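Each chain, written out:
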Amino acid sequence: MAFLPSIIALVLILARAIAELWLSRLNQRHVRAHANQVPLAFREMIDNTTYRRSVDYTLAKSRFGEAVTLFDVVLLIALLFSGVLPWTFEKFTATFGASVLAMASFLFAAGVVASVVSLPFAWYAQFKLEDRFGFNTTTLKTWIVDRFKGLLVALSLGFPLLVLVLKLIEWTGSYWWIWAAAVVIVFQLLLMLIAPAVIMPLFNKFTPLPEGSLRERLFALARRTDFPTRSIEVMDGSKRSRHSNAFFTGFGRLRKIVLFDTLTTQLAEPELESVLAHEIGHYKKRHVVKLLGVSIFGVFIGFAAVAWLARQEWLYREFGFAYHAGFAAANLVPAMLLFALLAGTISFWFSPLVHLWSRRFEYEADAFARATMDDAQPLIQALRKLTEKNLSNLTPHPLFSGFYYSHPTLLERERALQRTLLAK
Ligand SMILES: [Zn+2]
């Protein structure tokens, strides 16, 4: 049975990479096949030049994605099979000891190194790719400051959580993973509560939507749909990008509706109202609670997997780690590293299911918006404009969109909206 874990890990890594590259190529071919003229369904909403640009944008993003995939595969294989992980871990414990604080520092440092390695790609995506298609508005200074703020947030919130989770291993023994999962979930809920007030303002400016017809219209919508909200705010999304969005955040009294400034300039008032109605639809149909339920389930599965990995002596040996039984933080760290590196190769295959589910929510929110507005046209207009402004891919391959898309395509959404119109 020698080498079996290595072979399984290698197969998992390669299978995901091959699937990703294959789907990407399939999609590119499909997009190119429709590139010469605007498909019939979109002739009245998009001109030839813009359509051509959306094709180029899709292809450029797709090629960039392939480069990232290839880099990740090489890095992952190097990390797992070169022996660098156990070597670094041993050096670290020899120097700093195996206390909970030392182990938390080791894991945190590993996370920092991982994000530093991906920085060149993030930089390229923002300042080359997005810039070439006129979306980037971030200055290099903002981009660098953002990274430091992110690190600061991770240090002040993530690091203490890490210490607590590792402490729980020593405090609670074999059921540590249940305690750890529970603590992480409580932490997530607290984060959702404080993020709008404490974290998001670190990165963006939020200003109340100014007095006027739009504000009246949106508050009237919130009242009509019995959606308790105290404030509707505009976020300076244009500080970083010309892409647009809208969302709501926080619970109860702290809830607020946020519109990107880019959205308020791109859409007319009834269209903005329909977008907000769609967002309220997500709340009314309890999508937020359902998604939260799934993420809670995911946290438990994740910790259960780490606890299981930590009992597999053969796995430790195979990847070069010394194995010690017993509930000390240092004994669990290799299992956590292996989980962090390999979990994605398995969860990848579940993403189509998650996306299928998420697309159902989008249809429901669209139907809610249509019913609330008593008209499908404003939402259809809004979706068309947003698709055009964001240069979204109008002709994804069905397998590609089925696998990756959290939202139905424009055509699918329009058809569903028309159907509910006829069914009425
Ligand atoms: Zn939605």
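These lines cover the structure that appears in this document, whether it is placed above or below. Just so we're clear, the structure is a prediction, and the values are computed from it rather than from any experiment. Residue positions are given per chain, counted from 1 along the sequence in the order it is written. Given that this is a predicted model, residues contribute local features only at a pLDDT of at least 70 and side-chain atom pairs are listed and counted only at 80 or more, while totals for whole chains, interfaces and linings are drawn from all residues. Water and hydrogen atoms were dropped before computing side-chain values, which therefore reflect all heavy atoms in the structure.

## Re the overall build of the protein chain
Consideration 1: Strands are runs of DSSP state E lasting at least 2 residues, helices are runs of H or I lasting at least 4, and numbering of each runs from the N terminus. Within the protein chain, the secondary structure is distributed over 17 helices and four strands.
Consideration 2: Both definitions apply: the radius of gyration is a C-alpha atom measure, and the globule rule equals 2.2 Å times residues to the power 0.38. The C-alpha atoms of the protein chain give a radius of gyration of 24 Å, which matches the 22 Å a tight globule of 424 residues would have.
Consideration 3: Summarising its shape, the C-alpha atoms of the protein chain cover approximately 65 × 50 × 45 Å along the three principal directions.
Consideration 4: Looking at the protein chain as a whole, 44% of its 424 residues qualify as buried.
Consideration 5: Counting only contacts in the protein chain whose residues sit at least 6 apart along the sequence, the fraction spanning at least 24 positions is 76%.
Consideration 6: Computed with a 1.4 Å probe, the accessible areas rest on the Shrake-Rupley method; for each residue, only the protein chains presented here act as cover. Approximately 22,000 Å² of the protein chain is accessible, and the part contributed by carbon and sulfur atoms is 67%. Accessible area is worked out with a 1.4 Å probe on protein chains only. A residue is then buried under 20% of its type maximum, exposed over 50%, and partly exposed in between. We call two residues in contact when some of their heavy atoms are within 4.5 Å.

## Digging into the sheet that holds strand 2 (residues 231-235)
Consideration 1: The four strands lie next to each other as 1-2-4-3, forming an open sheet whose pairing is mixed. Both edges of this open sheet fall to strand 1 (206-208) and strand 3 (246-249), since each of them pairs with a single strand only. Direction aside, the axes of adjacent strands within the sheet are offset by 30° on average.
Consideration 2: Two elements, strand 1 and strand 2, share three bridges in a ladder whose sense is antiparallel. For Pro208, the partnering residue across the bridge sits in strand 2 and is Glu233.
Consideration 3: Where helix 7 (residues 176-203) meets the sheet, its contacts fall on strand 1, strand 3 and strand 4 (256-260), and the angle it forms with strand 3 comes to roughly 135°. For two strands to be treated as a pair, DSSP must find at least two bridges joining them. Note on method: axes are straight lines fitted to C-alpha atoms, helices fitted across the in-contact stretch only, with angles between N-to-C directions ranging 0 to 180 degrees.

## Let's talk about a nonpolar patch on the surface
Consideration 1: A cluster of nonpolar residues, Val186, Leu189, Leu190, Met192, Leu193, Ile194, Val198, Phe251, Leu254, Val288 and Val289, forms a patch on the protein surface that exposes about 840 Å² of accessible area.
Consideration 2: Among the elements of the structure, helix 7 and helix 11 (287-309) are those that each provide at least two residues to the nonpolar patch.
Consideration 3: The element that contributes the greatest number of residues to the nonpolar patch is helix 7, accounting for seven residues.
Consideration 4: Relative to the elements of secondary structure, Leu193 occurs in helix 7. Put simply, a patch holds well-exposed residues, over 30% relative accessible area, that have no salt bridge, with like charges counted together within 9 Å and Val, Leu, Ile, Met, Phe, Trp or Tyr side chains within 5 Å. Basic side-chain nitrogens of Lys or Arg form a salt bridge, by our definition, when they fall within 4 Å of a carboxyl oxygen of Asp or Glu.

## Description of the packing of aromatic side chains
Consideration 1: Note on ring pairs: Phe, Tyr and Trp rings are taken, using the six-membered ring of Trp, and paired if centres are within 6.5 Å. Classes follow the plane angle, with under 30 degrees stacked, over 60 edge-to-face and the rest tilted. Going through the model one piece at a time under the given rule, you end up with 24 aromatic pairs.
Consideration 2: Judged by centre distance (5.0 Å) and plane angle (40°), the ring pair of Phe348 and Phe403 falls under tilted. Placement of Phe348 in the loop between helix 13 (329-347) and helix 14 (351-373) and of Phe403 in helix 16 (residues 398-404) is noted, with a sequence separation of 55 residues between them. You'll find Phe348 and Phe403 in the same group, each marked buried.
Consideration 3: On the numbers, 4.9 Å between centres and 55° between planes, the contact of Phe400 with Tyr404 is tilted. Taken together, the residues Phe400 and Tyr404, both in helix 16 and four residues apart, mark about one turn of the helix.
Consideration 4: We classify Phe400 as buried; its relative accessible area is 15%.
Consideration 5: On the accessibility criterion, Tyr404 (26% relative accessible area) is partly exposed.
Consideration 6: One aromatic cluster in this structure is built from Phe89, Phe92, Phe96, Phe106, Tyr316, Phe321 and Tyr323.
Consideration 7: Two limits define a charge over a ring: the Lys NZ or Arg CZ must be within 6 Å of the ring centre, and within 35 degrees of the ring normal. Sitting over the ring of Phe203, Lys149 keeps its end group 5.8 Å from the ring centre.

## Points about the layout of surface pockets
Consideration 1: Any residue with an atom within 4 Å of a point lines the site, the site being either a cavity, points on a 1 Å grid over the protein atoms alone where a 1.4 Å probe fits but cannot get out, or a pocket, an open set with protein on both sides within 12 Å along at least 5 of 7 lines. Grid points are joined across faces, edges and corners, and a volume is the space filled by probe spheres set on the points. Its volume calculated, the second largest pocket comes out at about 790 Å³.
Consideration 2: Residue lining of the second largest pocket: 26 residues in total, with Ala305, Phe339, Leu342, Ala343 and Ile346 positioned closest to the centre.
Consideration 3: Looking at the lining of the second largest pocket, the elements that each hand over two or more residues are helix 1 (4-33), helix 11, helix 12 (313-318), helix 13 and helix 14.
Consideration 4: Of the residues contributing to the lining of the second largest pocket, the split by class is 20 nonpolar, six polar and no charged. Polar here means any residue other than Ala, Val, Leu, Ile, Met, Phe, Trp, Tyr, Cys and Pro, which are nonpolar, and Asp, Glu, Lys and Arg, which are charged; Gly is therefore polar.

## Considerations on the coordination of the zinc ion
Consideration 1: Note that water is not among the atoms used; donors are N, O and S atoms within 2.8 Å of the metal (3.2 Å for Na, K and Ca), so sites may look incomplete. Distances from the zinc ion to its protein donors, namely His278 (NE2), His282 (NE2), Glu362 (OE) and Glu362 (OE), fall within the range 2.0 to 2.8 Å.
Consideration 2: The site at the zinc ion holds four donor atoms, and with the angles between them running 51 to 135°, its shape is irregular.
Consideration 3: Along the chain, the residues donating to the zinc ion are arranged with the sequence spacing H-x3-H-x79-E. Of the two residues, His278 is situated in helix 10 (residues 269-284) and Glu362 in helix 14; the sequence distance between them amounts to 84 residues. Square planar and octahedral sites, with four and six donors, are those where opposite donors lie more than 155 degrees apart and all other angles lie between 65 and 115, tetrahedral sites have four donors with every angle between 85 and 135 degrees, and the rest are irregular.

## Notes on a positive patch on the surface
Consideration 1: His is not counted, nor are the chain ends, whereas Lys and Arg count as positive and Asp and Glu as negative. In this description, the location of a charge corresponds to atom NZ of lysine, CZ of arginine, CG of aspartate or CD of glutamate. Among the surface-exposed residues, Arg29, Arg32, Arg63 and Arg132 lie close enough to one another that they form a single positively charged patch.
Consideration 2: Looking at the secondary structure, you find Arg63 in helix 2 (residues 48-81).

## A look at the environment of Arg359
Consideration 1: Note that Arg359 resides in helix 14.
Consideration 2: Using a relative accessible area of 13% as the deciding quantity, one classes Arg359 as buried.
Consideration 3: Between the C-alpha atom of Arg359 and that of Phe81, which follows or precedes it by 278 residues, the distance is 38 Å.
Consideration 4: Here Arg359 is in contact with Ser401, Gly402, Tyr405, Ser406, His407 and Pro408, once residues within four sequence places are set aside.

## Looking at the nonpolar core
Consideration 1: Residues Met103, Leu166, Trp176, Phe303 and Met336 are the most contacted members of the largest nonpolar core, which totals 47 residues.
Consideration 2: Counting residues per element, this core draws most heavily on helix 13, at nine residues.
Consideration 3: Ignoring sequence-local partners within four residues, the contact set of Met336 consists of Leu107, Leu166, Ile169, Trp176 and Val306. Residues belong to one nonpolar core when they are buried, are Ala, Val, Leu, Ile, Met, Phe, Trp, Tyr or Cys, and are joined through side-chain atoms within 4.5 Å.

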